[in-house]
Amino acid sequence: MTALDAIAARLDAAALSATPLAQLAEPLTLDEAYDVQARLLSRRFGRGERPIGIKMGFTSRAKMAQMGVSDLIWGRLTDRMLHASGDTISRRAFVHPRVEPEIAFLLKTPLAGKVDAATALAAVSAVAAAVEIIDSRYRDFKFSLTDVVADNSSSSALVIGAWVEPTFDLGNLRMELAIDGNVRQTGSSAAILGHPVESLVNAARLVAERGESLRAGDIVMAGAATAAEALAPGQHVRADVEHLGSVFFRVAD
Ligand code: OOG
Ligand code: MG
């Protein structure tokens, strides 16, 4: 087992047992951190999980400020992370989960490399309001850029609302996160790199840097427009995105 495999194995065990780890002592380059992420996901695919797309992180200033990290990052999504609106999700599977309101893209054609906004949009079949549940496997939710990338960019679950054909501009939609009916975060889709399609443009660029492509049928999560909120058992969590509707779930013990 190489050093990078060993780190992936530690992160995998931490996620499986929902037990936090110390931040990595090994100094990793960003490339090595993405290598660890790929190895971590190979372990999950080896257990029968299937890739369903990617999530983008730190695409808004609100998120960068909350976490003290200011580079775009991405992580991989699997079918086991995916939930439909109305589901009940157990808190037990996570270390210290947080929720954020997002917009999800569904692709109808592959996308990779340097593309402009019009090309990126042309690859989209539908968009949806979504909630991302992020969970860091590091103690106290504290990490460096390479730590979080190795930890699959805190990917842990996603809840997707109804898919809608994007026949309107996505550039300035009101986004809201409510817990138990109380609005806790509000923002605009404009907070996501100026326009959420820019997140897709960057997703295509970043996966190509790893020699990969977004595939037809993939989901791309654009990144949160607001800071994240802590998740606790018993909560009812709802995100609303103007024109896209709402998505909700309940948290069980
Ligand atoms: C990293 C993931 C960031 C987003 O939407 O910006 C992210 C983290 O905050 O733990 O998912
Ligand atoms: Mg997110």
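Quantities reported herein were computed from a predicted structural model and do not represent experimental measurements.

Among the 17 residues in the neighbourhood of ligand 1, the closest are listed as Phe58, Lys63, Glu100, Ser154 and Ala224. Contacts to ligand 1 include Lys55, whose side-chain N or O atom sits 3.0 Å from an oxygen atom. Isolated, ligand 1 exposes 320 Å² of accessible area, and the fraction of that covered by the protein chains is 100%. Contributions of two or more residues to the shell around ligand 1 are made by strand 1 (51–57), helix 3 (61–67), strand 5 (98–107) and strand 6 (124–134). Residues of the shell around ligand 1, tallied by class, amount to eight nonpolar, four polar and five charged.

Geometrically, a packed helix pair is captured by the angle between its two axes and the distance between the axes. Contact geometry for helix 1 (residues 3–17) and helix 2 (residues 30–46): axes closest at 8 Å, N-to-C directions at 55 degrees. With respect to helix 2, the axis of helix 1 lies oblique. Once helix 1 is placed against helix 2, the crossing between them reads as right-handed. Between helix 1 and helix 2, the residues in contact are Leu4, Asp5, Ile7, Ala8, Ala9, Leu11 and Asp12 and Glu32, Asp35, Val36, Arg39, Leu40, Arg43 and Arg44, respectively.

Note on placement: Thr146 falls in helix 5 (residues 145–150). In this structure, Thr146 is in contact with Leu28, Thr29, Leu30 and Ala33, ignoring residues within four places of it in sequence.

This next bit is on the pairing of strand 7 (residues 155–160). Most of strand 7 sits out of view: six of its six residues are buried. In the sheet, strand 6 pairs with strand 7 via five bridges, with the strands oriented antiparallel. Its bridge partner being in strand 7, Ala130 is matched across the sheet by Ile160.

Distances from the magnesium ion (ligand 2) to its protein donors, Glu100 (OE), Glu102 (OE) and Glu132 (OE), fall within 2.0 Å. In the primary structure, the donors to the magnesium ion (ligand 2) are separated according to the pattern E-x1-E-x29-E. Residue class for Glu100 comes out buried when judged on its relative accessible area of 3%.

What follows concerns helix 2. For helix 2, spanning 17 residues, the distance from its first C-alpha to its last is 24 Å, which sits close to the expected 24 Å at 1.5 Å a residue. By the burial criterion, the buried members of helix 2 are Ala33, Tyr34, Val36, Gln37, Leu40, Leu41 and Arg44. Mapping the buried residues of helix 2 onto a view down its axis gives an arc of 155 degrees, with all of them on the same face. Exposed side chains of helix 2 directed beyond 90 degrees from the buried face belong to Asp31 and Gly46. Contact partners of the buried residues in helix 2: helix 1, strand 2 (73–78) and helix 5. With its phi angle positive at about 100 degrees, Gly48 sits one or two positions after the end of helix 2.

Let us now look at the sheet that holds strand 9 (residues 182–188). Across a sheet, paired strands are connected by hydrogen bonds in the backbone, their directions being either parallel or antiparallel. Strand order in the open sheet formed by five strands is 4-13-12-8-9, and the pairing between neighbours is mixed. This sheet does not close on itself; its edge strands, each paired only once, are strand 4 (88–90) and strand 9. Averaged over neighbouring strand pairs, the angle between their axes works out to 20 degrees when direction is ignored. Note: strand 8 (residues 174–179) against strand 12 (residues 236–241), five bridges, orientation antiparallel. Counterpart to Leu177 in the pairing with strand 12 is Ala239.

Turning to the packing of aromatic side chains, a few remarks are in order. With the rule as written, the count across this model stands at two aromatic pairs. With a centroid separation of 5.5 Å and an interplanar angle of 20 degrees, the aromatic rings of Tyr34 and Trp74 are classed as stacked. Of the two residues, Tyr34 is situated in helix 2 and Trp74 in strand 2; the sequence distance between them amounts to 40 residues. Taken individually, Tyr34 and Trp74 each receive the classification buried, so the pair is uniform in this respect. Both rings, one in Phe141 and one in Phe143, keep their centres 6.2 Å apart while their planes meet at 55 degrees; by these two values the pair is tilted.

Conventions and cut-offs
- Residues numbered from 1 in each chain as written.
- Chains lettered and ligands numbered in written order.
- Predicted model: local features only at pLDDT ≥ 70, side-chain atom pairs only at ≥ 80, totals over all residues.
- Heavy atoms only, no water.
- Near = heavy atom within 4 Å.
- Polar contact = N/O pair within 3.5 Å; in protein donor to acceptor, adjacent residues only side chain to side chain.
- Areas by Shrake-Rupley, 256 points an atom, 1.4 Å probe, with all protein chains shown as cover.
- Helix = DSSP H or I, 4+ residues; strand = E, 2+ residues; numbered from the N terminus.
- Nonpolar A, V, L, I, M, F, W, Y, C, P; charged D, E, K, R; others polar.
- Axes fitted to C-alpha atoms, helices over the stretch in contact; angles between N-to-C directions.
- Parallel < 35°, antiparallel > 145°, perpendicular 65-115°, else oblique.
- Left-handed = near helix turned anticlockwise from the far one by under 90°.
- Contact = heavy atoms within 4.5 Å.
- Buried < 20%, exposed > 50% of the residue type's maximum accessible area, 1.4 Å probe, protein only.
- Pairing = 2+ DSSP bridges.
- Donors = N, O, S within 2.8 Å, 3.2 Å for Na, K, Ca; no water.
- Expected span 1.5 Å × (residues − 1).
- Arc of directions from axis to C-beta.
- Phe/Tyr/Trp six-rings, centres within 6.5 Å; stacked < 30°, edge-to-face > 60°.

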